[in-house]
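What follows is the residue order along each chain.
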Amino acid sequence: MRILVVEDEKKVANFIKKGLEEEYFSVDVAYNGKDGYEMALREEYDVLILDVMLPYKDGLKITKDLRSEKINTPILLLTIKDSTGDKVTGLDAGADDYLTKPFAFEELTARIRALLRRKETQKTTELKVDDLTLDLISHKVYRNSKEIFLTPKEYAILEYLIHNKNKIVSRTKLIEHVYDYHFDPETNIVDVYINKLRNKIDQQPLKQLIHTVRGVGYILKD
């Protein structure tokens, strides 16, 4: 699952990013409303976390403009304002939830999971390829009914491959999905994580699911 955090307080933004990555989410960060809005338009996210008070374009304006562009990604607004009127204004702008600062990180993750469950109401909360199962809510992975323990980055890469099963996924696409925009595209870190994944989910005598397409990237076949 990929989340965009738009927060101008860098300490808060980086705290949220670090915490969510530890919870197996892929996280991009923007520090002003203009950049955040453009990223939300350009990229595909599962949840948007927007501070209300932002430079250049506030969270309410971002929300209204995204909804006018028919982008229905769940939006969670963050604000220091806790009056009922402020919350109503945010929800009426098109937001799905509202969290007042300061907040407990456990509450933030619980609200994100609730938004994801709501989003997945019309779809399954599990992804399956052959005998491999990935639970989008609990972030647990099973192969042949046996639980496999993955790191957050391993999980994020596997989730993206499953979402694109039977399609070739380039290393660049994997880097864009799992890492932030400043990550070096020349690194071999994706290959390192793919090898780790193979050692966990493609052990003999199980059928091999992850295949290398030389010079291009990877494909997960069912």
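Our subject is the structure that appears above.
Definitions and limits used
Residues numbered from 1 in each chain as written. Predicted model: local features only at pLDDT ≥ 70, side-chain atom pairs only at ≥ 80, totals over all residues. Heavy atoms only, no water. Helix = DSSP H or I, 4+ residues; strand = E, 2+ residues; numbered from the N terminus. Rg over C-alpha atoms; globule rule 2.2 N^0.38 Å. Buried < 20%, exposed > 50% of the residue type's maximum accessible area, 1.4 Å probe, protein only. Contact = heavy atoms within 4.5 Å. Areas by Shrake-Rupley, 256 points an atom, 1.4 Å probe, with all protein chains shown as cover. Lys, Arg positive; Asp, Glu negative; His and termini not counted. Charge placed at Lys NZ, Arg CZ, Asp CG, Glu CD. Polar contact = N/O pair within 3.5 Å; in protein donor to acceptor, adjacent residues only side chain to side chain. Arc of directions from axis to C-beta. Axes fitted to C-alpha atoms, helices over the stretch in contact; angles between N-to-C directions. Left-handed = near helix turned anticlockwise from the far one by under 90°. Nonpolar A, V, L, I, M, F, W, Y, C, P; charged D, E, K, R; others polar.

Here we take up the overall build of the protein chain. Secondary structure summary: the protein chain contains eight helices and 12 strands in total. Relative to its length of 222 residues, the protein chain is compact, with a C-alpha radius of gyration of 18 Å against a globular reference of 17 Å. When its C-alpha atoms are laid out on the principal axes, the protein chain stretches across 60 × 35 × 30 Å. Per-residue burial over the protein chain gives 49% buried out of 222 residues. A separation threshold of at least 6 residues defines the contact pool for the protein chain, and within that pool the share at least 24 residues apart is 57%. Total accessible area on the protein chain is roughly 11500 Å²; 49% of this is exposed by carbon and sulfur atoms. Separation of charge centres in the protein chain, based on 36 positive and 38 negative side chains, amounts to 3 Å.

This paragraph deals with the side chain of Asp202. Residue position: Asp202 is located in the loop between helix 8 (189-201) and strand 11 (210-213). Its relative accessible area of 11% is what places Asp202 among the buried residues. Only 3.3 Å separates the side chain of Asp202 from the side chain of Arg143, close enough to count as a polar contact. Setting aside residues no more than four positions away along its own chain, Asp202 makes contact with Arg143, Leu197, Lys207, Gln208, Leu209 and Ile210.

What follows deals with the environment of Arg67. Of note, Arg67 is situated in helix 3 (residues 59-68). Classification of Arg67 as buried rests on a relative accessible area of 18%. A sequence separation of 26 residues divides Arg67 from Ala93, and the C-alpha atoms of the two residues are 8.4 Å apart. Filtering out sequence-adjacent residues up to four positions away, Arg67 remains in contact with Asn72, Thr73, Pro74, Ile75, Ala93, Gly94 and Asp96. In terms of polar contacts, Arg67 uses its side chain to reach the backbone carbonyl oxygen of Ile71, at 2.7 Å.

For the α-helix, the turn length of 3.6 residues means that residues three or four positions removed from each other point alike. Residues of helix 7 (residues 171-178) that are buried include every one of Leu174, Ile175, His177 and Val178, and no others. End-on, the buried residues of helix 7 take up no more than an arc of 165°, which puts them together on one face. The secondary structure elements touched by the buried residues of helix 7 are strand 1 (2-6), strand 2 (26-30), helix 6 (152-163), strand 10 (169-170), helix 8 and strand 12 (217-220).

We now examine the packing of helix 1 (residues 10-22) against helix 5 (residues 105-119). Geometrically, a packed helix pair is captured by the angle between its two axes and the distance between the axes. Packing of helix 1 against helix 5 brings their axes to within 11 Å, and their N-to-C directions diverge by 65°. Note that helix 1 runs across helix 5; the crossing there is right-handed. Here helix 1 contributes Phe15, Ile16, Gly19 and Leu20 to the contact with helix 5, which in turn contributes Phe105, Leu108, Thr109 and Ile112. Residue composition of the contact of helix 1 with helix 5, by class: six nonpolar, two polar and no charged.

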